[in-house]
There are 2 protein chains.
Amino acid sequence: MKNQIVEAQKNKPTEEMIRIAQEEGVDINVLCSYVASGKVAILANNRHKNFTPKGIGKGLSVKVNANIGTSPEKADIKLEMEKLEMAKKAGADTVMDLSTGGDLREIRKTIIEHAEIPVGTVPIYEAAVETVKKRKTITKMDPDELFDIIERNGEDGVDFITVHCGVTIKSIERLREQGRITGIVSRGGAFLAEWIIINKKENPLYEQYDRLLAIAKKYDMTLSLGDGLRPGCIADATDRGQIEELIILGELCSKAIENGVQVMIEGPGHVPINQIETNIVLQKRLCNEAPFYVLGPIVTDIAPGYDHITSAIGGAIAAYYGADFLCYVTPSEHLGLPSPQDVRDGVIVTKIAAHAADIARGNKRALKMDEEMSKFRKALDWEGQFKCAIDPEKIKEFRKGRGLHDDVCSMCGEYCSMKIIKDYFQKK
Amino acid sequence: MKNQIVEAQKNKPTEEMIRIAQEEGVDINVLCSYVASGKVAILANNRHKNFTPKGIGKGLSVKVNANIGTSPEKADIKLEMEKLEMAKKAGADTVMDLSTGGDLREIRKTIIEHAEIPVGTVPIYEAAVETVKKRKTITKMDPDELFDIIERNGEDGVDFITVHCGVTIKSIERLREQGRITGIVSRGGAFLAEWIIINKKENPLYEQYDRLLAIAKKYDMTLSLGDGLRPGCIADATDRGQIEELIILGELCSKAIENGVQVMIEGPGHVPINQIETNIVLQKRLCNEAPFYVLGPIVTDIAPGYDHITSAIGGAIAAYYGADFLCYVTPSEHLGLPSPQDVRDGVIVTKIAAHAADIARGNKRALKMDEEMSKFRKALDWEGQFKCAIDPEKIKEFRKGRGLHDDVCSMCGEYCSMKIIKDYFQKK
């Protein structure tokens, strides 16, 4: 079966690479070399049919992921399919199925079947749910069962999996030594830390990393090395535990590339604005410029209900400094499971952050979009503006709600600056 | 009558300075020296009674302004009072009355009477409206009438006025030479440019700057030197016209400080993320660290309906680099006049940006707020979280809408990472 990085290392661009190079307007040879060296990941499980592969990393536009999935309290596959449609329509580049309630494999297969974009999962969730069902406590998890679940994810066509390989005896110890306000806020990280502490054994995803690599290679399933020790609040950001884990992920990253397995690195989390650049530079340096997949970062803790915005602020800054992939955060973060509308708001806002970063990074297609929009705005051409807008429906809704017609903006009315001076300053 | 900067230059802290120093936890002597040198402006017209003065600038927390006001299409004073209440309740530090419809003086006086926070205006709007009423076209504006209006604003207790003194024959010429996509997007800037071009005369606010200073000094009305040539799209950002105007504003700023008049500088506008730091550093250098009051900046043009968010991204970054005062942008920017709900959303989101910047700048009170919130979050203490949240109502609404009770978060349910590992990583 096809394996993107193996082909790239033989200097043979795949059809997926050719397609992505064309879509993004980049040189295919450069792209191929970045895939070979692990600076770009091509999300495309070799069993996933009829879908659009995505490239994530150096030289490419910033991508956006939407998390969907059930919880034990709310396990309704129809609702999840509604969220999936919302996410796709709003322009998500990928989705992750984080389900923990209901028939997990059935839900996953249904999502993959309808996704048409790459799908990611976090297999440790399924392992935890299965373990709890059978043996009551997560600390009884059987590592073999976890690897079986990972294998099934590969078989089902999952394009990328989060694996918290860096939660180790050593990184947990570093974390405990320093102390934290919010401890571990990654669910996968917390499961594994609990397992490690109680069983006094090393993390199986770290100890049996070769076994993990073999499964990932078979299906060309990209490993998204999870940040199980990411900070859960501003005060805990960029601490020793977090950085210890990042160093470990850097080591595992090199090993994956050498073994023909694609990899991304996951990043924080809650980070104050003044520490974002440091986090990006450090990840790029420690992990050989591997694609960086950040959750947020959320730049203040005090805005529940608005965390799609706190993370859009952090995400735009992170992507400007070099993050490649933004995991959305919805308005319901820290409060509850997102509704379909939350999914929509989360995707749009994260796309705004990604696009603003693309502009700042000099992406020509992104700059062109803004220039087009500005020309239509200057011409007071609303149809043109609808065409260029990131969410045309929102504008139409807005104007309809206020009874505005095509050529009127109620903001300044007759005192519109664009009407006052129409052509004097046109670009030559 | 009292004049803050004159007192500060005599090294005599006023009661307003003492109050602000206490509220913000800064040293009164340092604050007083910053007021004396024009690095901090105290917004407090000496005729404005029963209100909370605000300090803006170096060493102080980042402040947020909300624009309200009528347009010719919608001149309803009750609606504006509703917006004022919304803005205050959401935590706006100041409001600006940008009315252009209805009885402008009556509206202004009503707003000042109920504001309890500093009020700003843009007198050129009133001059334009009055001129158009009498003589049909703005180009017939009588400079004496403009100065009379400015005087009346001072008498009425207006704390700060936007005056586009930097729109001059020279800066307009520079702008025209370079060319622009969206030309002039500041209404005041467009009025004045039109007046200058048609009458072939210099901007009266520039030519008779001493007259302006004399009025401002009398009422201790802070001059907010407007950026009439601010860019209206990403492609126009940081161009020669904009920077020419900024240099002129820097010169006028020095002159104001020498003459015992407080001053702020207004800034862009639409600016890509990669140019924000440059804009701030340049303003601080050219204008002797005068307070910088930015509108946005908006970091992409393609997101109408979400410009409160595009500007929260830009505002957070700008304030991190040193902007002192953020003018809110609402979801209705570029589309129409904001509703009371838009005002609320705009203020909250801009406060989030300001707070995120305060954290990044090391403001101890801001950091403390986030730490408190994180402790309550870790303890799953919802009442505590309500107390610390920037918008407690939003959380309550959210949780009520989903039927959630005090100790439950539906996001992860029983797989809550905080429940899994409760105390192991507590901060020592």
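None of the values given here were measured: they were computed from a predicted structure.

### Focus: the overall build of chain A
Item 1. Across its full length, chain A holds 19 helices and 10 strands.
Item 2. Computed over C-alpha atoms, the radius of gyration of chain A comes to 22 Å, within 12% of the 22 Å expected from 2.2 N^0.38 for 428 residues, which places it in the range of a compact globule.
Item 3. Reported as C-alpha extents along the three principal axes, the dimensions of chain A are approximately 75 × 45 × 40 Å.
Item 4. Expressed as a percentage of its 428 residues, the buried residues of chain A come to 66%.
Item 5. The contacts of chain A with a sequence gap of at least 6 include a subset with a gap of at least 24, amounting to 74%.
Item 6. Accessible surface, chain A as shown: approximately 15,100 Å² in total, 49% of it carbon and sulfur.

### A look at the side chain of Ser374 of chain B
Item 1. As for its position among the elements, Ser374 of chain B is in helix H16 (residues 364-378).
Item 2. A polar atom in the side chain of Ser374 of chain B sits 2.7 Å from the backbone oxygen of Asp370 of chain B.

### Observations regarding helix H8 (residues 169-178) of chain A
All names here are of chain A.
Item 1. All of the buried residues along H8 are Ser171, Ile172 and Leu175. Taken around the axis of H8, the buried residues stretch over an arc of 100°, which confines them to a single face.
Item 2. Against the buried residues of H8 lie helix H9 (187-199) and helix H12 (240-258).

### Overview of the packing of aromatic side chains
All names here are of chain A.
Item 1. Under the defined criterion, the tally for this structure stands at 10 aromatic pairs over all chains.
Item 2. Considering the side-chain rings of Phe160 and Tyr293, the 6.4 Å spacing of their centres and the 75° angle between planes classify their relative orientation as edge-to-face. In this pair, Phe160 is assigned in strand S6 (residues 160-163) and Tyr293 in strand S9 (residues 292-295), connecting sequence segments 133 residues apart. Considered together, Phe160 and Tyr293 belong to a single accessibility category, that of buried residues.
Item 3. On the numbers, 4.1 Å between centres and 20° between planes, the contact of Tyr293 with Phe325 is stacked. On the criterion of sequence distance, the pair formed by Tyr293 in strand S9 and Phe325 in strand S10 (residues 325-327) is long-range, its members being 32 residues apart.
Item 4. Taking relative accessible area as the criterion, Tyr293 reaches 3% and is therefore assigned buried.
Item 5. A connected cluster of aromatic rings, assembled from ring pairs, spans Phe160, Tyr293 and Phe325.
Item 6. Stacked on the ring of Tyr125, the Lys or Arg Arg187 has its end atom at 4.3 Å from the ring centre.

### A few points about the pairing of strand S4 (residues 94-97) of chain B
Residues and elements named next belong to chain B.
Item 1. With burial as the criterion, each face of S4 is covered, one bearing Thr94 and Met96 and the other bearing Val95 and Asp97.
Item 2. The sheet contact formed by strand S3 (residues 63-68) and S4 spans 4 bridges and is parallel. Within the sheet, the bridge partner assigned to Asn67 lies in S4 and is Met96.
Item 3. Handedness of the crossover joining S3 and S4 through helix H4 (residues 77-90) is recorded here as right-handed.

### So, the pattern of salt bridges
Any two side chains of opposite charge can pair, so long as their charged atoms come close to each other.
All names here are of chain A.
Item 1. Applying the stated criterion to the full structure yields 60 salt bridges over all chains.
Item 2. In this structure, Arg211 engages Asp144 in a salt bridge whose closest nitrogen and oxygen atoms are separated by 3.0 Å. With Arg211 in helix H11 (residues 209-219) and Asp144 in helix H7 (residues 143-156), this residue pair connects regions lying 67 residues apart in the sequence.
Item 3. Given a relative accessible area of 31%, Arg211 falls into the partly exposed group.
Item 4. Because the salt bridges share partners, they merge into one network encompassing Arg105, Arg108, Glu126, Arg152, Glu155 and Asp156.

### Let's talk about the nonpolar core
Item 1. Counting residues in each nonpolar core, the largest one holds 240 residues, and the members touching the most others are Leu223 and Leu225 of chain A together with Leu223 and Leu225 of chain B.
Item 2. For Leu225 of chain B, the contacting residues outside a window of four places in its chain are Val163, Cys165, Tyr209, Leu249, Leu252, Cys253, Val263, Met264, Ile265 and Glu266 of chain B.

### Digging into the packing of H11 of chain A against H12 of chain A
All names here are of chain A.
Item 1. The N-to-C vectors of H11 and H12 enclose an angle of 45°; their axes lie 11 Å apart at closest approach. For the element pair H11 / H12, the angle class is oblique. Like other packed secondary-structure pairs, H11 and H12 cross with a definite hand, here right-handed. Only Leu252, Cys253, Lys255 and Ala256 of H12 make contact with H11, whose side of the interface consists of Tyr209, Asp210 and Leu213.
Item 2. A class-by-class count of the residues in the contact of H11 with H12 yields 5 nonpolar, no polar and 2 charged.

### Overview of the pairing of strand S1 (residues 40-43) of chain B
All names here are of chain B.
Item 1. The two faces of S1 match: Val40 and Ile42 on one face and Ala41 and Leu43 on the other face are all buried.
Item 2. The pairing of S1 with strand S2 (residues 54-57) spans 4 bridges and is antiparallel. Counterpart to Val40 in the pairing with S2 is Gly57.

### With respect to the interface of chain A and chain B
Item 1. In this complex, chain A contributes 104 residues to the contact, which on the side of chain B involves 104 residues.
Item 2. Of the roughly 9,300 Å² buried where chain A meets chain B, counting both sides, 68% is carbon and sulfur surface.
Item 3. At the boundary of chain A with chain B, the tally comes to 0 salt bridges.
Item 4. Across the chain A-chain B interface, the total number found is 15 residue pairs in polar contact (both at pLDDT 80 or more).
Item 5. Here the side of chain A that touches chain B gets 11 residues from one element, more than from any other, and that element is helix H15 (residues 340-360) of chain A.
Item 6. Of the residues assigned to the side of chain A that touches chain B, the class counts are 59 nonpolar, 21 polar and 24 charged.

### Brief notes about unusual backbone geometry
Residue and element names in this part refer to chain A.
Item 1. Residue Gly269 follows Pro268 across a cis peptide bond; omega there is 15°.
Item 2. One non-glycine residue with positive phi stands out, namely Asn288, at about 50°.
Item 3. Tracing the chain through its elements places Asn288 in the loop between helix H13 (276-286) and S9.
Item 4. Take Asn288: its relative accessible area is 47%, and that puts it in the partly exposed class.

### Observations regarding the domain arrangement of chain A
Residues and elements named next belong to chain A.
Item 1. Structurally, chain A comprises domain 1 (43-362) and domain 2 (365-420).
Item 2. Taking only C-alpha atoms, the centre of domain 1 and the centre of domain 2 are 37 Å apart.
Item 3. Of the roughly 740 Å² buried at the junction of domain 1 and domain 2 (both faces included), carbon and sulfur atoms supply 63%.
Item 4. Linking domain 1 with domain 2 are 3 salt bridges.
Item 5. Counting the contacts that link domain 1 with domain 2 gives 3 residue pairs in polar contact (both at pLDDT 80 or more).
Item 6. The element that contributes the greatest number of residues to the side of domain 1 that touches domain 2 is H15, accounting for 7 residues.
Item 7. Here the side of domain 1 that touches domain 2 is built from residues that sort into 3 nonpolar, 2 polar and 4 charged.

### With respect to the sheet that holds strand S5 (residues 119-121) of chain A
Residues and elements named next belong to chain A.
Item 1. Taken in spatial order, the 8 strands close into a barrel running S3-S4-S5-S6-S7-S8-S9-S10, and their pairing is parallel. Neighbouring strand axes in the sheet, compared pairwise and without regard to direction, differ in orientation by 25° on average.
Item 2. Bridge analysis of strand S4 (residues 94-97) against S5 gives 3 bridges, and the strand direction is parallel. For Val95, the partnering residue across the bridge sits in S5 and is Val119.
Item 3. Contacts from H11 reach S6 and strand S7 (222-225) within the one sheet, and its direction differs from that of S7 by about 140°.

### Notes on the sheet that holds S3 of chain B
Pairing between the strands of a sheet comes from backbone hydrogen bonds, and it takes one of two forms, parallel or antiparallel.
Residues and elements named next belong to chain B.
Item 1. Read around the closed barrel, 8 strands run S3-S4-S5-S6-S7-S8-S9-S10, paired in parallel fashion. The average undirected angle you get between the axes of adjacent strands in this sheet is 25°.
Item 2. Pairing of strand S9 (residues 292-295) with strand S10 (residues 325-327), which is carried by 3 bridges, proceeds in the parallel orientation. Residue pairing across strands places Leu295 opposite Cys327, the latter belonging to S10.
Item 3. Here helix H12 (residues 240-258) sits on the sheet in contact with strand S7 (222-225) and strand S8 (263-267), set at roughly 170° to S8.

Cut-offs used in this document
- Residues numbered from 1 in each chain as written.
- Chains lettered and ligands numbered in written order.
- Predicted model: local features only at pLDDT ≥ 70, side-chain atom pairs only at ≥ 80, totals over all residues.
- Heavy atoms only, no water.
- Helix = DSSP H or I, 4+ residues; strand = E, 2+ residues; numbered from the N terminus.
- Rg over C-alpha atoms; globule rule 2.2 N^0.38 Å.
- Buried < 20%, exposed > 50% of the residue type's maximum accessible area, 1.4 Å probe, protein only.
- Contact = heavy atoms within 4.5 Å.
- Areas by Shrake-Rupley, 256 points an atom, 1.4 Å probe, with all protein chains shown as cover.
- Polar contact = N/O pair within 3.5 Å; in protein donor to acceptor, adjacent residues only side chain to side chain.
- Arc of directions from axis to C-beta.
- Phe/Tyr/Trp six-rings, centres within 6.5 Å; stacked < 30°, edge-to-face > 60°.
- Lys NZ or Arg CZ within 6 Å of the ring centre and 35° of its normal.
- Pairing = 2+ DSSP bridges.
- Right-handed = clockwise from strand over helix to strand, strands pointing away.
- Salt bridge = Lys/Arg side-chain N within 4 Å of Asp/Glu carboxyl O.
- Core = buried A, V, L, I, M, F, W, Y, C linked by side-chain atoms within 4.5 Å.
- Axes fitted to C-alpha atoms, helices over the stretch in contact; angles between N-to-C directions.
- Parallel < 35°, antiparallel > 145°, perpendicular 65-115°, else oblique.
- Left-handed = near helix turned anticlockwise from the far one by under 90°.
- Nonpolar A, V, L, I, M, F, W, Y, C, P; charged D, E, K, R; others polar.
- Buried area = accessible area lost by both parts, 1.4 Å probe.
- Domains from an automatic or database assignment.

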